[in-house]
Amino acid sequence: MSVPAQSSAALSTPSFPRSPRVPGGRELDALLEEITRALAATAADYDRSGRFPTENFALLHQHGLLGLTVPETLGGAGGDLATARKVISAVAKGEPSTALILVMQYLQHFRLQSNNQWPEHLRQRLAREAVEDGALINAFRVEPELGTPARGGLPATIARRTAEGWRISGRKIYSTGSHGIHWYVVWARSDDADPLVGGYLVHRDTPGISIIDDWDHLGMRATCSHEVRFDEVLIPLEHAVGVSPLSAPRPELDGEGLLWMSVLLPSIYDGVAQAARDWLVGFLATRTPSNLGAPLSSLQRFQEIVGRIDSLLLNNRTLLDSAALGQVEAHHAGQLKYLVTNNAIKAVELAVEASGNPGLSRRNPLERHYRDVLCSRIHTPQDDVALGAVGRAAFARHASDLEPAR
């Protein structure tokens, strides 16, 4: 059975209903505080069940936040990086798995309309579905044999060209959002002599897709990052939306794209650290041992620990806000991710150290925050890659400085 291509003429003059207005300023801050509280109320349930947080995305869609980075001309909010960071931070403070899936939505949509590799009608369709229906999208890249593509190599997933369209076959692991998102951008290579490598757009309802529920992780359990298998999945030829010949590869992210990723992903784990900090402050302010006769917060030791935590989070806030406002150059993206995520991990570790046994009890949220924040280490670029690049650049500059003037 062939998959018909949608006519671009049918969508050449789109008329999108606007999302609910996304407020700004103090009104947005008040809304995000409410969302943080609502998401935090059920975060432990999602952690235990590992279920896709459908209700959380319904709430975000209700307030127009799933189309935040869709342009205003297409019904979205046209949100900038600073606004997207603020939203992600608030969502992550409540429930970070929801925030990770939302980051992928924002990253895909903020540059979609300027990507000429995508047919216009597909760009408009995805914008319309995000705005009207809250449709989600993510890229599936990691494979069992290859691991992360950030370290090089070609995908084993094959897009075979047929008269009916592309036939996609392969396996993807760590597929964040698998059960709940609507569109998969599958990293694959064609069967051409000079293969087309990159993203192939697949709708989740296309026959031949199966999801293996194998995500049983330390933290971020509600991301549903299961294995997704593709068995001769048929898509239109024009759904090769982000591909280039192996002989002439194109970079997947330019400087602006790297900056968006390096701000939004670390903002998730900074949000987790903020939640851990708030729990610790509440615990220390109310825990009154009988032999002390005063709350633990009266002791200098605990005041100093909270001061260290707040200083780490101040550092994060300063770095992330500066980068979101364009005050950090894109080539520092890896360092930004390294610094913020390691500060976040250290902040939660300090909270665990200060709280003792209660902090590691499953009846308290700090134990969950600790598991979640550790997951920051696996995101691209990983620490060794980020720091190695900085070191190589330093030695390259040193060698250049030693060259004699001509």
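Nothing here was measured: the structure is a model prediction, and the numbers come from that model. (Residues numbered from 1 in each chain as written. Predicted model: local features only at pLDDT ≥ 70, side-chain atom pairs only at ≥ 80, totals over all residues. Heavy atoms only, no water.)

This part is about the state of the cysteines. Taken as a whole, this structure holds zero disulfides when the rule is applied. There is no disulfide at Cys375, and the cysteine sulfur nearest it, in Cys224, is 14 Å away. For Cys375, a relative accessible area of 6% puts it in the buried group. (Disulfide = S-S within 2.5 Å. Buried < 20%, exposed > 50% of the residue type's maximum accessible area, 1.4 Å probe, protein only.)

With that settled, consider the side chain of Ser262. Along the polypeptide, Ser262 turns up in helix H6 (residues 255-286). Taking the relative accessible area as the measure of exposure, Ser262 reaches 5% and is therefore buried. At a separation of 3.0 Å, a polar atom in the side chain of Ser262 contacts the main-chain carbonyl oxygen of Leu259. (Helix = DSSP H or I, 4+ residues; strand = E, 2+ residues; numbered from the N terminus. Polar contact = N/O pair within 3.5 Å; in protein donor to acceptor, adjacent residues only side chain to side chain.)

The next thing to look at is helix H9 (residues 365-374). Summarising burial for H9: seven of the 10 residues are buried, a large majority. Turning to H9, its buried residues are Leu366, Glu367, Arg368, His369, Arg371, Asp372 and Val373. Contacts from the buried residues of H9 go to helix H1 (25-49), helix H4 (96-110), H6 and helix H8 (333-355). (Contact = heavy atoms within 4.5 Å.)

A few words now on the nonpolar core. By size, the foremost hydrophobic cluster in this structure holds 88 residues, and its most contacted members are Tyr200, Phe230, Leu264 and Ile268. Membership of the second largest hydrophobic core comes to nine residues, among which are Leu112, Trp118, Leu122 and Leu201. (Core = buried A, V, L, I, M, F, W, Y, C linked by side-chain atoms within 4.5 Å.)

Let's shift gears to the UniProt feature "domain: Acyl-CoA dehydrogenase/oxidase N-terminal" (unreviewed entry) in the protein. Per the UniProt record, the feature "domain: Acyl-CoA dehydrogenase/oxidase N-terminal" (unreviewed entry) sits at residues 36-104. In residues 36-104, helix accounts for 67% and strand for 0%; the two terminal C-alpha atoms are 19 Å from one another. (UniProt positions renumbered as here; feature names shortened; annotations may be inferred.)

The subject of this paragraph is helix H5 (residues 120-133). Look at H5: 19 Å from first C-alpha to last across 14 residues, which is about the 20 Å you get at 1.5 Å a residue. Restricting attention to buried positions, one finds in H5 the residues His121, Leu122, Arg123, Gln124, Leu126, Ala127, Glu129, Ala130 and Val131. In this fold, the buried residues of H5 make contact with helix H2 (54-62), H4, strand S1 (137-140), strand S4 (183-190), strand S5 (196-203) and strand S8 (240-245). Following H5 by one or two positions, Gly134 adopts a phi angle in the positive range, close to 70°. (Expected span 1.5 Å × (residues − 1).)

The next subject is the packing of aromatic side chains. Evaluated as defined, the whole model comprises seven aromatic pairs. For the pair Trp166 and Tyr200, a centre-to-centre distance of 5.5 Å together with 80° between the ring planes defines the contact as edge-to-face. Pair noted here: Trp166 is in strand S3 (residues 166-175) and Tyr200 is in strand S5, with a separation of 34 residues, a long-range link. Look at Tyr200 and you get buried, because its relative accessible area is 0%. On the basis of an interplanar angle of 10° and a centroid distance of 5.1 Å, the ring pair of Trp279 and Phe283 is categorised as stacked. Note that Trp279 and Phe283 are positioned in helix H6 at a spacing of four residues, about one turn of the helix. Of the two residues, Trp279 and Phe283, neither departs from the other in class, the shared state being buried. Aromatic rings pair up to connect Phe140, Tyr184 and Phe230 into one cluster. Between the NZ or CZ atom of Arg141 and the centre of the ring of Trp187, over which it lies, the distance is 4.9 Å. (Phe/Tyr/Trp six-rings, centres within 6.5 Å; stacked < 30°, edge-to-face > 60°. Lys NZ or Arg CZ within 6 Å of the ring centre and 35° of its normal.)

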